[in-house]
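Chains, contacts and geometry: an overview
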Amino acid sequence: MKNICLYFQVHQPFRLKRYRFFEIGSDHYYYDDYTNESILRKVAEKSYLPANKLILDLIDKYKGQFKVSFSFSGMILEQFKLYGEDVLESFKQLASSDSVEILAESYAHSLAFFKSRDEFVRQVKMHEKLVKELFGVKPEVFRNTELIYSDDIGNDVAKMGYKAMLTEGAKHILGWKSPNHLYCNAINPKLKVLVRNFKLSDDIAFRFSDESWNEWPLTAEKFVSWIDNIPENEEVVNIFMDYETFGEHQWKETGIFSFLEKLPAIIQEKKGISFSTPSDIIRDKQVIAPIHVPNPISWADEEKDLTAWLGNELQEEAYNKLYSIEDMVMKINRDDIKRDWLNLQTSDHFYYMCTKFFSDGEVHSYFSPFDSPYDAFINYMNILSDFILRVKANLAPESEDSTELNLRISKQEKEIEKLKNQIERLKKSEQAKVKPGRKPATGTGSRAPISKKAATKTKTTSRKKKPASSKIPATKAKTTSRKKK
Amino acid sequence: MRVLMFGWEFPPHISGGLGTASYGLAKGFSALGSNELLFVVPKAYGDEDNSIARIIGASNIPVTRKKINLGKGRSKLDYIEVSSKIVPYTDPEDFWRLKSKEVSSDYKFIQTDEHGKINFSGKYTENLMQEIANYAIVAGVIADNESFDIIHAHDWLAYPAGIAAKEVSGKPLVIHVHATDFDRSGGKVNPDVYAIEKKGMDTADRIITVSNLTRQTVIEKYNIPAEKVSTVYNAVEPLEREKEKRKLLNGSNEKIVTFLGRITMQKGPEYFVEAASRVLERTKDVRFVMAGSGDMMTDMIKLAASKNIMDRFHFTGFLRGDDVYKMLEYSDVYIMPSVSEPFGISPLEAMQSNVPVIISHQSGVAEILTHAIKVNYWDIDAMSDAIYGILKYPALYKMFRKHGKAEVDDLKWENSARQLLEIYKELV
């Protein structure tokens, strides 16, 4: 029995507005509301609403025989609340069906994992909460931003209680192995791993309307026959793609909706092929082997690595700068700061800074609202500069408020100073050579404001984080592979 | 393939991009081998690089004994006289400012010296129109004496020479548009220049433009059929000296933002001053340098003074030779906000020196560069934002350093020459 697992990713970032350097410090609103709303509405009308309606009809018609799964970023769910209540309603309707599974992901569609596992976990929990609130379900299968996966990520995700994770069936990972099996995490075999069949997925997502493709036009019959031709022992066919494929990346005129409509009908005729959700698969199928992914992979571009987001100097600088303020941000309990902190982490902003498109990615320029990666970088850095100013401004008064703590610290500092002096004096009296006048000036400690202390504290913690950030060389390794291309 | 090429200047005696470009092409062409190039300039000084082409100075060609056809219905003259006053070095822009003196193209007398040779200044003199016409006469003589397969004329100054050579020899004519008068004048086109340009384009068998931007101008403003016009991009000579990063003031963190070029309307200097003033509102550890001279220099000094930024805004005057490279070595950002730039080789030279560049979308070079920031010349917000970004966010500098140089090193004159050769072959 072959199982087709259809999974659709639903995400739109909060796009940043044009923000010039002379606005730093005076303008604290970063979003292009007009663009965000109009894009959301456009995608809703062209894709989400008609596709939802079609899928609802198909579920109705095939009564449990047609199944799909979705995941939503926190950013798109927030945008539904702002600009698309109708879309949210129709997704809720879908989610309430037994034939639909909702998966978990990181709230901000972020790359937080490589800098801060705390932030990653926080975002996964946040996302769980929102999904529970909106759809009334607790997902059991996790899907990371852009299908990014590594052994470490899988291990952490397993620790959070997830049973399975989705990722790319990258050639350099699978080698001779087929993507059409169920795998498990190399560190924690309890976590099952579903890998994307990128050939069949991209036949729909990228090549469907490509008239120069020798298989064009792609019919449901042809597609199902390909699945039918897969060897008997390969039982899982994972078709993962952006949900916007339907109606937006591939326009209605290309026949993408009728393709989707015909798919279950053709499959019903064939014996031995059915639709499944990820949870069906991990319940029904056996794990064939662990999958070893020491360096992170993703579903992007040819390289299937992180270089689309963290592949050049611009991206590295923006990314490092952003996470350098994490500890400060965590101390501030303000909604606007928290919102901006999340929105600035969205991977799309880093994607726009990708310079790979100079050689090979029309895909990148298609998705970017900026003229060039430099443009995207400068804009982002201007906004980040303002955000950092706000974070710092919010920290200072807060610490002044806690005068009690302040007092206690300065008292203790005086105490430490006194004891130090004592030690110093004792040392000197013990030693024969006494150098006069080397006493540290007393009182400086007591005058030192708390912020100084806070600053040293953040420094030490960020130093502690170094080992975690040394995960990044993985991307460097990928940069070389990019060069080879 | 034997090519008879007409230019206006040849290194080391050059005043601008035209000489650099025609030299680069000639050099690239000679590197292709098995071709021969005769390069004619109005005045040869004798110290030109003869290894890549035979350099002929028009002033060394005796014309008195030749029959000279001055056009329809005119008699052939052998008495030639001209009142050629050589004025000191001026730019084409300055020339047009001096045009109070009426230049007539309807003359009969050409002055020769005792050997029957015409005196050429080879400069942009007050008698430019006359020199151009004289050049054409000598071109006809040269075309009669030499054997060649194709004629190639660089820019409007040499178009009449190209036309004359074509009339004499019947060989195909290629004209090379390095700029049009629309670029030079900012729309206030000189009718005499336009007429020369238009005649050159109409007579030519093929027109080469240095960018698609210029190609569009040629097609639209000169009403030339599109299939007759091809773009061949310029390139840049490899840098011989290694760049050493210099600091203006030792130990200071001050950065230098440089504008290097003629201070004329075409180059958009006022947008640079405006952008500088914007940046200086936010940060003080930066200096702006306007290197060059031109008819808008005093206006620019006044503008900078009115913005109250003269303590951080500097004028160097015209820079020559090594000083240009030194200026680049001091620079942290190079900016070319040209209003209308057919190509623009100078940003490529900056990139060779590892200097990040900001160029206007209205420059031809923007069509081929990826590792440069491109803005509209009028968009002071974007321009100042780009300057600020390069100064404040080190990744940009690192990026440009790493990729910009590599990109420029790939732009070779040989490639441009190869394209030219293909076009020649189509015509011959």
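Data block above holds the structure.
What this report covers is the structure whose coordinates are included nearby.

Rules used in this analysis
- Residues numbered from 1 in each chain as written.
- Chains lettered and ligands numbered in written order.
- Predicted model: local features only at pLDDT ≥ 70, side-chain atom pairs only at ≥ 80, totals over all residues.
- Heavy atoms only, no water.
- Contact = heavy atoms within 4.5 Å.
- Buried area = accessible area lost by both parts, 1.4 Å probe.
- Salt bridge = Lys/Arg side-chain N within 4 Å of Asp/Glu carboxyl O.
- Helix = DSSP H or I, 4+ residues; strand = E, 2+ residues; numbered from the N terminus.
- Nonpolar A, V, L, I, M, F, W, Y, C, P; charged D, E, K, R; others polar.
- Buried < 20%, exposed > 50% of the residue type's maximum accessible area, 1.4 Å probe, protein only.
- Pairing = 2+ DSSP bridges.
- Axes fitted to C-alpha atoms, helices over the stretch in contact; angles between N-to-C directions.
- Core = buried A, V, L, I, M, F, W, Y, C linked by side-chain atoms within 4.5 Å.

Some thoughts on the interface of chain A and chain B
With 19 residues of chain A in contact, the opposing surface of chain B contributes 25 residues. In total, chain A and chain B occlude about 1900 Å² of area from one another, counting both sides; carbon and sulfur atoms represent 64% of this. Taken as a group, Phe21, Glu313 and Tyr374 of chain A account for 38% of the area that chain A buries against chain B, more than any other trio of residues on that side. The interface formed by chain A and chain B includes three salt bridges. Mapped by element, the contributors of at least two residues to the side of chain A that touches chain B are helix H12 (313-323) and helix H17 (373-401) of chain A. Broken down by class, the residue content of the side of chain A that touches chain B amounts to 10 nonpolar, four polar and five charged.

Overview of helix H7 (residues 198-205) of chain A
Residue and element names in this part refer to chain A. Of all eight residues in H7, six are buried; the element is thus mostly enclosed. For H7, every residue scored as buried is listed here: Leu200, Ser201, Asp202, Asp203, Ile204 and Ala205. Check the buried side of H7 and you find it contacts strand S7 (192-196), helix H8 (220-229), strand S8 (236-242), strand S10 (250-251) and helix H9 (256-269).

Brief notes about the sheet that holds S7 of chain A
Residues and elements named next belong to chain A. Read from one edge of the open sheet, five strands run S4-S5-S7-S6-S12, paired in mixed fashion. Edge positions in the sheet fall to strand S4 (141-143) and strand S12 (287-291), since each has one partner strand and no second. Between one strand and the next, the sheet's axes are offset by a mean angle of 40°, whatever the strand orientation. Pairing geometry for strand S6 (residues 182-185) and S7, over three bridges, is antiparallel. Bridged to cysteine 184 within S7 is lysine 192.

Quick look at unusual backbone geometry
What is expected of a backbone is that most residues other than glycine have negative phi and most peptide bonds are trans. All names here are of chain A. Look at the link from tryptophan 216 to proline 217: it is a cis peptide, with omega at -5°. Structurally, proline 217 can be placed in the loop between H7 and H8. You will see that lysine 63, though not glycine, has its phi angle at about 40°, which is positive. With a relative accessible area of 65%, lysine 63 lands in the exposed category. Although it is not a glycine, glutamate 146 adopts a positive phi angle of roughly 55°. For glutamate 146, the position within the fold is in the loop between S4 and helix H5 (151-159). Residue classification places glutamate 146 among the buried positions, given a relative accessible area of 15%.

Thoughts on the nonpolar core
One finds Phe70, Phe80 and Phe91 of chain A to be the most contacted residues of the largest nonpolar core, which totals 169 residues. Among the elements that line this core, the one with the most residues is H17 of chain A, at 12 residues. Residues contacting phenylalanine 70 of chain A, with those up to four places away along its chain left out, are Tyr7, Phe8, Val10, Ile55, Phe91, Leu94, Val100, Glu101, Ile102, Leu103 and Tyr243 of chain A. With 51 residues, the next largest nonpolar core counts Ala21, Ala235, Phe343 and Tyr424 of chain B among its residues.

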